[in-house]
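Chains, contacts and geometry: an overview
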Amino acid sequence: MAALINVPTKARRGEIIEIRTLTSHIMETGFRHTADGALVPRDIITSFTCRYNGTEIFRADLFPAIAANPYLSFFTVAKESGKFEFEWIGDNGYSSSASASITVE
Amino acid sequence: MSFWRAIAAAALLATGPALLAGEILPDARRSGYSFMGPDTRAMQDDDTSNPGMLFVLDGEALWTKRTGSADKACADCHGDARGSMKGVAARYPAFDKALARPVTLDQRINLCRSNHQQAPALPYESRDLLALSAFVAHQSRGVAITAGDDPQLKPFVDQGRDLFMQREGQLNLACTNCHDDNFNKRLAGAPITQGQPTGYPLYRLEWQTLGSLERRLRSCMTGVRAQAYDFGAPELVALELYLMSRAHGLPMETPAVRP
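Residues numbered from 1 in each chain as written. Chains lettered and ligands numbered in written order. Predicted model: local features only at pLDDT ≥ 70, side-chain atom pairs only at ≥ 80, totals over all residues. Heavy atoms only, no water.

Section: the overall build of chain B
Applicable threshold: Helix and strand assignments come from DSSP, with helices taken as H or I runs of at least 4 residues and strands as E runs of at least 2, each series counted from the N terminus. Computation of the radius of gyration draws on C-alpha atoms alone. For the globule rule, the value is 2.2 Å times the number of residues to the power 0.38. Note on classification: 1.4 Å probe, protein chains only; a residue is buried when its accessible area is under 20% of the maximum for its type, exposed when over 50%, partly exposed between these limits. Two residues form a contact once any of their heavy atoms are found within 4.5 Å. In short, Shrake-Rupley with a 1.4 Å probe defines the accessible areas, and a residue's cover is counted only from the protein chains shown. For the purpose of charge, His is not counted, nor are the chain termini; Lys and Arg are scored as positive and Asp and Glu as negative. Here the site of a charge means NZ on Lys, CZ on Arg, CG on Asp, or CD on Glu.
For chain B, the helix and strand inventory stands at 11 helices and seven strands. Radius of gyration (C-alpha) of chain B: 20 Å, near the 18 Å computed for a compact globule of 259 residues. Taken along its principal axes, the extent of the C-alpha atoms in chain B is 80 × 45 × 35 Å. Residues classed as buried in chain B amount to 46% of the 259 residues present. Partitioning the intrachain contacts of chain B with sequence separation of at least 6 by distance along the chain shows that 68% fall at a separation of at least 24. As displayed, chain B has an accessible area near 12900 Å², and 57% of this comes from carbon and sulfur atoms. Charged side chains of chain B number 28 positive and 28 negative; the gap between the two group centres comes to 3 Å.

Points about the packing of helix α3 (residues 52-63) of chain B against helix α7 (residues 127-138) of chain B
A pair of packed helices is characterised by two quantities: the angle between their axes and the separation of those axes. All names here are of chain B. Stated formally: To get an axis, a line is fitted to the C-alpha atoms, and for a helix only the part in contact is used. The angle between two axes follows their N-to-C directions and goes from 0 to 180 degrees. Orientation categories follow fixed angle ranges, with anything under 35 degrees roughly parallel, anything over 145 roughly antiparallel, 65 to 115 roughly perpendicular, and all other angles oblique.
Between α3 and α7, whose axes approach to 7 Å, the crossing angle comes to 95°. When the axis of α3 is compared with that of α7, the two are roughly perpendicular. Of the residues in α7, those touching α3 at Met 53, Phe 55, Val 56, Asp 58, Gly 59, Glu 60, Leu 62 and Trp 63 are Arg 127, Asp 128, Ala 131, Leu 132, Ala 134, Phe 135, Val 136 and His 138.

Things to note about the sheet that holds strand β6 (residues 71-77) of chain A
Note the cut-off: A strand pair is defined by DSSP finding two or more bridges across the two strands.
Strand order in the open sheet formed by three strands is β1-β3-β6 (chain A), and the pairing between neighbours is antiparallel. Strand pairing shows two members of the sheet lacking a second neighbour, β1 (3-6) and β6 of chain A, which therefore form its edges. Sheet twist, expressed as the mean angle between neighbouring strand axes with direction ignored, is 15°. Pairing of β1 of chain A with strand β3 (residues 16-23) of chain A involves four bridges; the strand directions are antiparallel. Looking at the pairing, Leu 4 of chain A lines up with Leu 22 of chain A of β3 of chain A. Each of β1 and β3 of chain A is contacted by α3 of chain B, which is oriented at about 120° to β1 of chain A, the strand it contacts most.

Points about the sheet that holds strand β2 (residues 10-11) of chain A
Adjacent strands of a sheet pair through backbone hydrogen bonds, lying either parallel or antiparallel. All names here are of chain A. Spatially, the five strands line up as an open sheet ordered β2-β8-β7-β4-β5, and their pairing is mixed. Sheet topology places β2 and β5 (55-61) at the edges, where each strand pairs with a single neighbour. Note that strand β7 (residues 82-90) and strand β8 (residues 94-104) share nine bridges and pair antiparallel. When the sheet's bridge partners are listed, Glu 85 is paired in β8 with Ser 99.

Considering unusual backbone geometry
Residue Pro 93 of chain B follows Tyr 92 of chain B across a cis peptide bond; omega there is 0°. Within the element layout of this structure, Pro 93 of chain B appears in the loop between α5 (81-84) and β1 (94-96). Residue Tyr 200 of chain B is joined to Pro 201 of chain B through a cis peptide bond whose omega torsion reads -5°. Within the secondary structure, Pro 201 of chain B is located in the loop between β4 (190-191) and β5 (202-204). For Asn 53 of chain A, which is not a glycine, the phi torsion comes out positive at approximately 50°. Within the element layout of this structure, Asn 53 of chain A appears in the loop between β4 (45-52) and β5. With a phi close to 50°, Asn 172 of chain B is a non-glycine residue in the positive phi region. With respect to the helices and strands, Asn 172 of chain B occurs in the loop between α8 (154-165) and α9 (175-179).

Focus: the interface of chain A and chain B
We count it as follows: Buried area, as used here, totals the accessible surface that two parts lose on assembly, with accessibility defined by a 1.4 Å probe and the loss added over both. Any carboxyl oxygen of Asp or Glu within 4 Å of a side-chain nitrogen of Lys or Arg constitutes a salt bridge here. Polar contacts here mean pairs of N or O atoms no more than 3.5 Å apart (in protein, one a potential hydrogen donor and the other a potential acceptor; neighbouring residues in sequence count only if both atoms are side-chain atoms).
Listed by partner, the interface residues are 13 residues for chain A and 14 residues for chain B. Summing both sides of the interface, chain A and chain B together bury roughly 1000 Å²; the carbon and sulfur share of this comes to 59%. Taken together, the connections running from chain A to chain B amount to one salt bridge. Summed over the shared surface of chain A and chain B, the result is five residue pairs in polar contact (both at pLDDT 80 or more). For the side of chain A that touches chain B, the secondary structure elements donating two or more residues are β1 and β3 of chain A. By residue number, the principal contributor to the side of chain A that touches chain B is β1 of chain A, which donates four residues.

Next comes the structure, spelled out in structure tokens:
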């Protein structure tokens with residue numbers, strides 16, 4: 001699925017940087033019913049992780065009542081050049097990933 | 001005598017040319033953006049936090065994907081959308097010669113699918129149709145709206161204006177009662193806007209998804225307890241056309257974010 005990632009392409013060593021992620025997902029709560037009364041099954045993202053050169057730096061558990069297309073923003077310290085890897089895992093075997101690179105000077 | 005003459009002269013000056021009572025003057029036209037709070041504005045302004053951009057990305061992928069029995073992609077005829085589609089959405093709904101009536105951008109996409117790609121029409125409000133129209137309309141971001149300028153559209157713009165002025169539903173309200181006469185005030189907690197359709201298809205936080213102008217119009221009609229027109233109905237297209245001509249000169253914002 002489509003994802004929008006905002007990581008600065010360049011940063012100074014030791015600088016605090018903001019990472020913003022937005023991914024496409026319906027986040028169906030599992031509490032809603034159709035017009036004829038059938039329960040709409042839950043379909044949400046349950047977990048998000050961010051790895052910085054292989055080391056996990058941020059993790060979030062997601063629950064029903066989080067809006068569709070979840071947006072997450074967090075901070076980290078730019079230590080070395082390399083790659084951020086993002087992974088979203090959810091119901092019905094949902095899995096999506098994205099990555100972004102950074103140059104640290 | 002001169003007193004009455006002065007009143008007659010004043011009355012003549014007060015009635016502008018071809019403007020109905022309550023219509024918004026061109027200088028006073030404002031996008032729904034200007035009625036929003038700073039948080040929602042920031043969300044729209046930053047392409048990495050605007051959820052509408054997710055649909056634009058999907059649309060970009062669909063643009064180059066071959067489909068239908070003709071096995072053609074949009075890009076096979078139209079090339080790079082950044083050039084070929086710039087300004088297109090700003091003049092839609094546009095007059096279709098073969099059908100002798102205006103068609104919306106969504107209808108144009110489906111006409112292309114059936115005539116040139118030999119593919120089945122995409123249902124209204126389906127993810128793929130919204131993604132494609134968002135991608136096409138996004139190419140016109142910043143372009144001034146010129147829809148309705150085509151003289152062949154005149155009767156349809158007039159029909160749309162009549163519908164806009166027509167009271168309907170159990171609440172017996174016309175569009176004009178809120179969007180011409182009472183914008184800038186509030187309906188419950190929400191600001192009443194001028195109803196300028198500058199950013200469609202747009203991401204509405206209430207919907208938690210992208211939606212078309214027709215979906216918006218239908219929810220307004222339900223709001224006044226009227227029977228909403230079906231998607232693609234000629235009345236809905238005429239209203240859409242009048243609204244776009246009413247927003248003449250305002251820049252396109254697709255994909256906009258609205259509360």
